[in-house]
Amino acid sequence: MLNRLEKAFLMQRSFVSNASHELRTPITSMTGQIEVALLKKRSEAEYSGILHSVLEDIKNMGKLSNNLLELARASTDASFLKLVNIRIDELLFLAREELLKKEPHYKINISFADFPKEEEKLILLGNDQLIKSAFINLMENACKYSRNNTVNILFQYLKGQIIIDFSDEGIGIPKEEIENILEPFYRASNARDKTGHGLGLSLTSKIIELHKGRFEIISELHKGTTVKISLPTLS
């Protein structure tokens, strides 16, 4: 028990340290840019360039803050969440539409296998905002790390479970790093040139766990990654 408590304490301390660092980075960048801009009068084009750069830092910090809040919500007791009946296929398409508005160059292909005729087999009890966030994270991750910005999604029903595969043909995850990939702020060694904070998969796995589902990562280096999730339905 003492070992578990020590591990939990170290993880919490690491999380706070990483979160503070990630939040401090855009603040430092914005402060520096504004201070330099105020040193002398500049042209309209220069001011415009500085404002666009600061705006990107603000968006980056806002996204990180939202992810941290969602991670906190996903780590709480399900009894404190608002749960409603969710038609899971409709929520998947809603997540797709929302992501494409932000990243129109992404390609998100959805196909179906063993699609049930009965509507109740497509309904689960859950928090629609958290599940939609999980779907968006998986779509965005796959598209970002895929060479052709494409994710292929397979949706199927099997014995009271909705099973959804999110597959890409990207860089993959080194085998020895897969067991660490769900830790908050952990980023694979071959993915550090991409923008991000290392929260997406951690957040998504907690959301699926909160809804009594299963989460699995299958990856092969230089060939791609498949994230398989399953969620229990009402029927």
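In the block above lies the structure referred to throughout.
Residues numbered from 1 in each chain as written. Predicted model: local features only at pLDDT ≥ 70, side-chain atom pairs only at ≥ 80, totals over all residues. Heavy atoms only, no water.

Trainee: How should the overall build of the chain be read in this particular structure?
Mentor: Secondary structure summary: the chain contains five helices and seven strands in total. In the chain, the succession of α and β elements from N to C terminus is α-α-β-α-β-β-α-β-β-α-β-β. Per-residue burial over the chain gives 40% buried out of 235 residues. A fraction of 68% describes how many contacts in the chain between residues 6 or more apart in sequence connect residues 24 or more apart. Surface summary for the chain: the accessible area is close to 14000 Å², and the carbon and sulfur share equals 55%. (Helix = DSSP H or I, 4+ residues; strand = E, 2+ residues; numbered from the N terminus. Buried < 20%, exposed > 50% of the residue type's maximum accessible area, 1.4 Å probe, protein only. Contact = heavy atoms within 4.5 Å. Areas by Shrake-Rupley, 256 points an atom, 1.4 Å probe, with all protein chains shown as cover.)

Trainee: What is the right way to read the sheet that holds strand β6 (residues 214-220) from this model?
Mentor: Pairing between sheet strands relies on hydrogen bonds along the backbone, with the strands arranged either parallel or antiparallel. Overall, mixed pairing links the five strands, which are arranged β2-β4-β5-β7-β6 in an open sheet. The two strands at the open ends of the sheet, each matched to only one other strand, are β2 (107-113) and β6. Between one strand and the next, the sheet's axes are offset by a mean angle of 15°, whatever the strand orientation. Examined bridge by bridge, β6 and strand β7 (residues 224-232) share seven bridges and lie antiparallel to one another. (Pairing = 2+ DSSP bridges. Axes fitted to C-alpha atoms, helices over the stretch in contact; angles between N-to-C directions.)

Trainee: I would appreciate a short explanation of helix α4 (residues 128-145) in the present structure.
Mentor: For the α-helix, the turn length of 3.6 residues means that residues three or four positions removed from each other point alike. The end-to-end C-alpha separation of α4 is 26 Å, in line with the 26 Å expected for 18 residues at 1.5 Å each. Most of α4 is tucked away: 15 of the 18 residues are buried. (Expected span 1.5 Å × (residues − 1).)

Trainee: I would appreciate a short explanation of the pattern of salt bridges in the present structure.
Mentor: If charged atoms from side chains of opposite charge come close, those side chains can pair. According to the stated counting rule, one finds eight salt bridges in the structure shown. We note a salt bridge from K102 to E140, for which the minimum N-O separation is 3.4 Å. Of this pair, K102 sits in helix α3 (residues 88-102) while E140 sits in helix α4; the two residues are 38 residues apart in sequence, bridging distant segments of the chain. Residues K223 and E220 are paired through a salt bridge, measuring 3.5 Å at the closest nitrogen-oxygen approach. Within this structure, R87, D89 and E119 form a network of salt bridges that share partners. (Salt bridge = Lys/Arg side-chain N within 4 Å of Asp/Glu carboxyl O.)

Trainee: Any chance you could explain α3 here in plain terms?
Mentor: Between the first and last C-alpha of α3 there are 22 Å, a value that for 15 residues agrees with the 21 Å anticipated at 1.5 Å per step. Within the sequence span of α3, burial applies to I88, D89, L91, L92, A95, L99 and L100.

Trainee: Mind showing me how you'd approach the packing of α3 against α4 here?
Mentor: Helix-helix packing: each pair is described by the crossing angle between the helix axes and the interaxial distance. In the contact formed by α3 and α4, the axes pass within 9 Å of each other and the chain directions differ by 55°. The orientation of α3 with respect to α4, classified from their angle, is oblique. Seen along the crossing, α3 lies across α4 with a hand that is right-handed. The residues of α4 that touch α3, namely those facing I88, L91, L92, L94, A95, R96, E98, L99 and K102, are D128, I131, K132, F135, I136, M139 and E140. (Parallel < 35°, antiparallel > 145°, perpendicular 65-115°, else oblique. Left-handed = near helix turned anticlockwise from the far one by under 90°.)

Trainee: Sorry if this is basic, but what is going on with the environment of L69 here?
Mentor: Checked against the element boundaries, L69 lands in helix α2 (residues 44-74). A C-alpha to C-alpha distance of 10.0 Å links L69 and L203, two positions 134 residues apart in sequence.

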